[in-house]
Amino acid sequence: MTLIRKSRDTDSPAILPIINAAALAYRGVIPADRWHDPYMAAAELQREIDDGIAFWVAEEGAQMLGVMGIQDKDEVALVRHAYVTPGAQRTGVGASLLRHVKGLTTKPFLIGTWADASWAIAFYQKHGFTVIRGEQKDSLLRKYWAIPARQVETSVVLADDRWRAAGQRDPQTG
């Protein structure tokens, strides 16, 4: 049975290999100027934690299978750094983590991901998220994420039903 729990300070050495192994799927898909190896270094993970991302991990027994961060940003919550170890992908681990973090708040959720990461976009769409593109996407990325302009250009935002229910612009026309 999969257990989902809040990460501890001592989990970082186990979280990094999951992020970096799962992120290998981006190589050759995202723009070459955005890819680096490792995808996330220990110092970057620590900066993200220091910036308010709370990580949750999924594990079975003593084996960590996945990680997903949530970051409070005033009127919304962001899903950040969602990764499942390649051997456990498509087994429900990501869906369990997503359900868990969505249950932590009643705020609308936004997710940013690479525009060419079709598998990630499909996963979130399967779980009720809608793609936001164009000017509204750019505005959301600049407001809620601290990312370079090049990453804004090559990313999409996905919004949940809470975002739509809160009266935000229609994601299909934004």
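### Considerations on the side chain of T130
Point 1. Within the secondary structure, T130 sits in strand 6 (residues 130-132).
Point 2. A relative accessible area of 15% places T130 in the buried class.
Point 3. At 2.8 Å, the side chain of T130 forms a polar contact with the side chain of R164.

### Considering the environment of G94
Point 1. Note on placement: G94 falls in helix 3 (residues 93-102).
Point 2. When the C-alpha atoms of G94 and A82 are compared, they prove to be 7.6 Å apart, with twelve residues separating the residues in sequence.
Point 3. For G94, the residues in contact, after removing those within four places along its chain, are M68, V84 and F123.

### Quick word on the packing of helix 1 (residues 12-23) against helix 2 (residues 42-50)
Point 1. Interaxial distance between helix 1 and helix 2 falls to 10 Å at its minimum, and their mutual angle equals 110°. Viewed along their axes, helix 1 and helix 2 adopt a mutual orientation that is roughly perpendicular. Where helix 1 approaches helix 2, its residues S12, I15, L16 and I19 are matched on the opposing element by A42, L45 and I49.

### As for the pattern of salt bridges
Any two side chains of opposite charge can pair if their charged atoms end up close together.
Point 1. Across all of its chains, the model carries twelve salt bridges by this definition.
Point 2. Notably, a salt bridge pairs D72 with K107, separated by 2.6 Å at the nearest N-O pair. Of this pair, D72 sits in strand 3 (residues 63-73) while K107 sits in the loop between helix 3 and strand 5 (109-114), and the two are 35 residues apart along the sequence.
Point 3. When its relative accessible area of 23% is taken as the criterion, K107 is described as partly exposed.
Point 4. Where K143 meets E75, a salt bridge forms, and the shortest distance between an N and an O atom there is 3.1 Å. Here E75 lies in the loop between strand 3 and strand 4 (76-84) and K143 lies in helix 5 (residues 134-144), a separation of 68 residues in the sequence.

### Side note on the layout of surface pockets
Point 1. A volume near 1300 Å³ is recorded for the largest pocket.
Point 2. Y26, H81, A82, Y83 and T113 are, among the 49 residues lining the largest pocket, the residues nearest its centre.
Point 3. Elements with a contribution of two residues or more to the lining of the largest pocket: helix 2, strand 3, strand 4, helix 3, strand 5, helix 4 (118-126) and helix 5.
Point 4. If you tally residues by element for the lining of the largest pocket, the top one is strand 4, at six residues.
Point 5. Here the residues of the lining of the largest pocket sort into 27 nonpolar, twelve polar and ten charged.

### A word on the pairing of strand 4
Point 1. Burial analysis of strand 4 places eight of its nine residues in the buried class, which makes it a mostly covered element.
Point 2. Sheet topology note: the strand 3/strand 4 ladder contains seven bridges and is antiparallel. When the sheet's bridge partners are listed, G69 is paired in strand 4 with R80.
Point 3. Taking the residues between adjacent antiparallel strands as the criterion, strand 3 and strand 4 are bridged by two residues, where D74 takes a positive phi near 60°.
Point 4. Note: strand 4 against strand 5, three bridges, orientation parallel. Considered in strand 5, the bridge of L78 is made with L110.
Point 5. On the question of chirality, the crossover connecting strand 4 to the parallel strand 5 by way of helix 3 is right-handed.

What counts, and where the lines are drawn
Residues numbered from 1 in each chain as written. Predicted model: local features only at pLDDT ≥ 70, side-chain atom pairs only at ≥ 80, totals over all residues. Heavy atoms only, no water. Helix = DSSP H or I, 4+ residues; strand = E, 2+ residues; numbered from the N terminus. Buried < 20%, exposed > 50% of the residue type's maximum accessible area, 1.4 Å probe, protein only. Polar contact = N/O pair within 3.5 Å; in protein donor to acceptor, adjacent residues only side chain to side chain. Contact = heavy atoms within 4.5 Å. Axes fitted to C-alpha atoms, helices over the stretch in contact; angles between N-to-C directions. Parallel < 35°, antiparallel > 145°, perpendicular 65-115°, else oblique. Salt bridge = Lys/Arg side-chain N within 4 Å of Asp/Glu carboxyl O. 1 Å grid on protein atoms, 1.4 Å probe; cavity = no way out; pocket = protein on both sides within 12 Å on 5 of 7 lines; lining within 4 Å. Points joined across faces, edges and corners; volume = space filled by probe spheres on them. Nonpolar A, V, L, I, M, F, W, Y, C, P; charged D, E, K, R; others polar. Pairing = 2+ DSSP bridges. Right-handed = clockwise from strand over helix to strand, strands pointing away.

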